[in-house]
Amino acid sequence: MRWWDIDRVLELEKGLFPEDAWSRGMFWSELAHSRGPEATRRYVVALADEQVIGYAGLAAQGELGDVQTIAVARDHWGTGLGGQLLTELLRAATAFECAEVMLECRVDNTRAQKLYERFGFEAIGFRRGYYQPGNVDALVMRLMTKPGGGPADGPTSGQGTEING
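Residues numbered from 1 in each chain as written. Predicted model: local features only at pLDDT ≥ 70, side-chain atom pairs only at ≥ 80, totals over all residues. Heavy atoms only, no water.

## Some thoughts on the overall build of the protein
Line of reasoning, step 1. A count of helical and extended segments in the protein gives 4 helices and 7 strands.
Line of reasoning, step 2. In sequence order, the protein lays out its α and β elements as α-α-β-β-β-α-β-α-β-β-β.
Line of reasoning, step 3. Put simply, the protein has 165 residues, and 47% of those count as buried.
Line of reasoning, step 4. Relative to all contacts within the protein whose residues are 6 or more apart in sequence, the contacts with residues 24 or more apart total 61%. (Helix = DSSP H or I, 4+ residues; strand = E, 2+ residues; numbered from the N terminus. Buried < 20%, exposed > 50% of the residue type's maximum accessible area, 1.4 Å probe, protein only. Contact = heavy atoms within 4.5 Å.)

Structure (structure tokens):
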């Protein structure tokens, strides 16, 4: 993801997460930490016919990676794009030498939970009222990476989709 993708990402963000959408400033702040030798973030977009159809981001600190966001346009649900985006984030976690990757997922988002479970994430707890203003709880999930292999070998598909970071 680059700065020129932010407007298109925000359109998708607001459509998918109307109550708790990220702001332009939040994306700018994350991208500010995604370049150069001291980078601690990795953000990618998926494009089809010049349209942003998905995006995802990971933050790394020490041996801990945290999936910050992952989103797929509704008309691309079930195509494997979510798996492709997650695979890119897990490759970044491997490059950042993360020993574990964490994420929060809405408790009512069973589609996302199933995706994360397919990649080996396990539920380890809850964060009450995490998603605001809707006061929706988050399921906390964790993936322990494997020495030497990394977690990036997950299921992928999504023909005709380009992932750019």
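## Overview of the nonpolar core
Line of reasoning, step 1. One finds M1, F27, Y55, L85, L86, Y116 and F121 to be the most contacted residues of the largest nonpolar core, which totals 45 residues.
Line of reasoning, step 2. Apart from the residues within four sequence positions on either side, Y116 is in contact with I70, L86, L103, C105, F121 and M141. (Core = buried A, V, L, I, M, F, W, Y, C linked by side-chain atoms within 4.5 Å.)

## Considerations on the confidence of the model for the protein
Line of reasoning, step 1. Across the protein, pLDDT averages 89, with 88% of residues at or above 70.
Line of reasoning, step 2. Throughout residues 148-161 the model reports pLDDT below 50, and contacts reaching past four residues in sequence, or to other chains, amount to 28 contacts. (pLDDT = per-residue confidence, 0-100.)

## As for the packing of helix α1 (residues 6-16) against helix α2 (residues 24-32)
Line of reasoning, step 1. The geometry of α1 relative to α2 is characterised by a closest axis approach of 10 Å and an angle of 130° between their N-to-C directions. By the angle between their directions, the pair α1 and α2 is classed as oblique. The two elements α1 and α2 meet at a crossing, and its hand is right-handed. The residues of α2 that touch α1, namely those facing I6, D7, V9, L10 and E13, are R24, F27, W28 and L31.
Line of reasoning, step 2. Looking at the contact of α1 with α2 residue by residue, the classes come out as 6 nonpolar, no polar and 3 charged. (Axes fitted to C-alpha atoms, helices over the stretch in contact; angles between N-to-C directions. Parallel < 35°, antiparallel > 145°, perpendicular 65-115°, else oblique. Left-handed = near helix turned anticlockwise from the far one by under 90°. Nonpolar A, V, L, I, M, F, W, Y, C, P; charged D, E, K, R; others polar.)

## Some points on the packing of aromatic side chains
Line of reasoning, step 1. Under the counting rule described, the total for this entry stands at 6 aromatic pairs.
Line of reasoning, step 2. Pairing W22 with F27 gives two aromatic rings, centres 4.9 Å apart and planes at 45°, and the pair type is tilted. As far as the burial class goes, W22 and F27 line up, both buried.
Line of reasoning, step 3. Through pairs of rings, three or more aromatic residues link up here, namely W3, W4 and W28.
Line of reasoning, step 4. Over the face of the ring belonging to Y131 we find R106, whose NZ or CZ atom lies 5.7 Å from the ring centre.
Line of reasoning, step 5. The aromatic ring of F126 is capped on one face by R128, whose charged end is 5.0 Å from the ring centroid. (Phe/Tyr/Trp six-rings, centres within 6.5 Å; stacked < 30°, edge-to-face > 60°. Lys NZ or Arg CZ within 6 Å of the ring centre and 35° of its normal.)

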